[in-house]
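Coordinates in review
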Amino acid sequence: FAPWTISDWVHDLQVRPNWIEDTPGHFWYRFTDSAGTRYMLVEPERSARRPLFDPADLARRLEVAPDALALDSVEVLPGGRRLRFSHAGHRYACTVGRCVPQHLGAVPAVPPAEAGLQSASRSPDGRYLVFVRDHNLFVRDPDGTERALSTDGEPLNSFEMDPLSVYESREGTVVNWLGDGSNRFFVQRWDWRGVGQDHAIVSHEEGRPYVVSWPTSHAGDERLQHHQLWVFDAEAGTAMQIAADRWPGQMIGHTDLGGGFRRNSATGVYPSLDGQSLYFVRIARAYKERELAVADLATGAVRVLIHESDPIHIDIRYSEFAQINGGAQFLWLTQRDGWKHLDRHDAEGRRINPVTSGDFVVDRIIAVDDRRQEVIF
């Protein structure tokens, strides 16, 4: 049941739609199972689903074995009639359905200066490139100059997104920019130094069994992991650690067994509409208390807006928060009546009114319409 082996047997379990521009509702998706990878086109108004192309025919035209067909950068162009993709270092275009590949040339080589930065994040204005190297954050200026934004990174106190992973390659951190015109961003960081280790013996592979170890906090441990929240300015090179500490071994944001920290929209940290504040959720280690707090990015001051506790359990996954009415109020997903429902609060955290109620649970806020004072959930 190790993640790096079970993926050979358990394949795609959900559809991830890629919406096609200028064709309302149409999308395509990729699906992999033991028979290989297929690309499907969906036209909802006709209740139709058909292959984006015939993989066996495309493999024959590209003169490769069907199991050697590995497409990258698949893109259906606006209107849904043409698609582009790359294969074996070359780019192609063809018609959806009957894909007779038209060669568009070689895939541009990655400049040596960009090598290893595939997981880097570019600022909204395109001027700055933020990436991780040797567990520290770096920024690349428009003229190519590289500057270190941190200097204390190490394997157990890293800005890597998943530095403790034992089953996949490490990747850069998740950079969340504070608005379209901002050069500031926030990142999360874990400090595992001094935390005790757990061990597992991997014995199902060929050869001798081997030990895999990783730090894990146990009840009663003197040293627990430390979850941090940082704000950086790519232009000025400044750094601010948000004073988010509340409980030993706490978590900022949420936990998700599927790796939710990779999802920018589900980190449990939310920039204010004006980019001057940062709302964040923090959760006690025992999962019986949580708070919504807000940090002033000018002073670093932190205020608690909502505190919730329950002697049994508080759901720690996917907090839901949405600013409304220009940031003067917000919606918050709570379990105060035993069900998950949305409440409306003012900017100071005072509860104004319940928005939903009944014997059902709200899962996610889809959109908010301030003009109509409506929420879709």
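On a predicted model such as this, the values are computed, not experimentally measured, just so you know. (Residues numbered from 1 in each chain as written. Predicted model: local features only at pLDDT ≥ 70, side-chain atom pairs only at ≥ 80, totals over all residues. Heavy atoms only, no water.)

1. Re the sheet that holds strand β25 (residues 321-324)
As a reminder, the rule being used: Two strands qualify as a pair provided that DSSP identifies no fewer than 2 bridges between them. A run of H or I in DSSP becomes a helix once it reaches four residues, and a run of E becomes a strand once it reaches two; helices and strands are each numbered from the N terminus. Helix axes are fitted only over the stretch in contact, all axes being lines through C-alpha atoms; the angle between N-to-C directions runs from 0 to 180 degrees.
Taken together, four strands build an open sheet; the order of strands is β25-β26-β27-β28 and the sheet is antiparallel. Each end of this open sheet is capped by a strand with a single partner; those strands are β25 and β28 (351-354). Neighbour-to-neighbour, the strand axes of this sheet turn through a mean angle of 25 degrees, independent of strand direction. Relative to β28, strand β27 (residues 341-346) is paired through three bridges, and the arrangement is antiparallel. Within β28, the residue paired with D343 across the bridge is P354.

2. Thoughts on the state of the cysteines
Put simply, the rule reads: Sulfur atoms of two cysteines make up a disulfide when they are within 2.5 Å.
Within the structure shown, the criterion is met by one disulfide. One disulfide bridge connects C94 with C99, the sulfur atoms lying 2.0 Å from each other. Across the disulfide from C94 to C99, rotation about the S-S bond amounts to roughly -95 degrees, and the bridge is consequently left-handed.

3. Some remarks on the sheet that holds strand β5 (residues 71-76)
Hydrogen bonds between backbone atoms are what pair the strands of a sheet, whose relative direction is either parallel or antiparallel. In space, the four strands of this open sheet follow the order β5-β6-β7-β8, with antiparallel pairing throughout. Both edges of this open sheet fall to β5 and β8 (102-106), since each of them pairs with a single strand only. For this sheet, the mean inter-axis angle between neighbouring strands, taken without regard to orientation, is 20 degrees. Pairing of strand β7 (residues 90-95) with β8 involves four bridges; the strand directions are antiparallel. If you follow H90 over to β8, its bridge partner there is A106.

4. A look at the pairing of strand β6 (residues 82-87)
The sheet contact formed by β5 and β6 spans four bridges and is antiparallel. By the bridge assignment, L71 is partnered in β6 with H87. Hairpin remark: β5 followed by β6, antiparallel, with five residues in the connecting loop; positive phi at G79, about 100 degrees. Strand direction decides the pairing type here: β6 and β7, joined by six bridges, are antiparallel. Bridge assignment links F85 to a residue of β7, and that residue is Y92. Connecting β6 to the next strand, β7, in antiparallel fashion are two residues, including A88 with a positive phi near 50 degrees.

5. Observations regarding the confidence of the model for the protein
The condition that has to hold: Confidence of the predictor at the level of single residues is captured by pLDDT, which takes values from 0 to 100.
With 90% of its residues at a pLDDT of 70 or more, the protein shows a mean pLDDT of 87. Looking at the elements of the protein, mean pLDDT is at its lowest for helix α1 (residues 3-6), recorded as 68, and at its highest for β27, recorded as 97.

6. So, the packing of aromatic side chains
Cut-off, in case you're wondering: Between 30 and 60 degrees the pair is tilted, below 30 it is stacked and above 60 it is edge-to-face, where a pair is any two Phe, Tyr or Trp rings, Trp via its six-membered ring, whose centres lie within 6.5 Å. Note on classification: 1.4 Å probe, protein chains only; a residue is buried when its accessible area is under 20% of the maximum for its type, exposed when over 50%, partly exposed between these limits.
Summed over the entire model, instances satisfying the criterion amount to 17 aromatic pairs. Here W28 and Y39 contribute two aromatic rings whose centre-to-centre distance is 6.2 Å and whose plane-to-plane angle is 40 degrees, an arrangement assigned as tilted. Taken together, the residues span a long stretch of sequence, with W28 in strand β2 (residues 27-33) and Y39 in strand β3 (residues 36-43) at a distance of 11 residues. For W28, a relative accessible area of 5% translates into the label buried.

7. Section: the side chain of T23
What counts, and what does not: Within 3.5 Å is the distance limit for a polar contact, defined as a pair of N or O atoms, with the added protein rule that one can donate a hydrogen and the other accept it, and that residues adjacent in sequence qualify only through two side-chain atoms. Pairs of residues are marked as contacts when any of their non-hydrogen atoms sit within 4.5 Å.
Note that T23 resides in the loop between β1 (18-19) and β2. Among the polar contacts made by the side chain of T23, one reaches the main-chain carbonyl oxygen of I20 at a distance of 2.8 Å. Apart from the residues within four sequence positions on either side, T23 is in contact with G79 and G80.

8. A short note on the nonpolar core
Rules: Residues grouped as a nonpolar core are buried Ala, Val, Leu, Ile, Met, Phe, Trp, Tyr and Cys residues, joined through side-chain atoms within 4.5 Å.
L52, F53, L58, L71, L83 and F85 are the most contacted members of the largest nonpolar core, which has 19 residues in total. For this core, the elements supplying multiple residues, two or more each, are β3, α2 (55-61), β5, β6 and β7. With three residues, the single largest contributor to this core is β5. Beyond its immediate sequence surroundings of up to four residues, L58 is in contact with F53, L69, L71, F85, C99 and P101. Of all hydrophobic cores here, the second largest spans 14 residues; its members include V139, V175, F185 and W230.

9. Description of the side chain of T334
Counting through the fold element by element, T334 comes out in strand β26 (residues 329-334). Under the relative-accessibility criterion, T334 is labelled buried at 2%. Contacts of T334, omitting those with residues within four sequence positions, involve R290, E308, W339, K340, H341 and D343.

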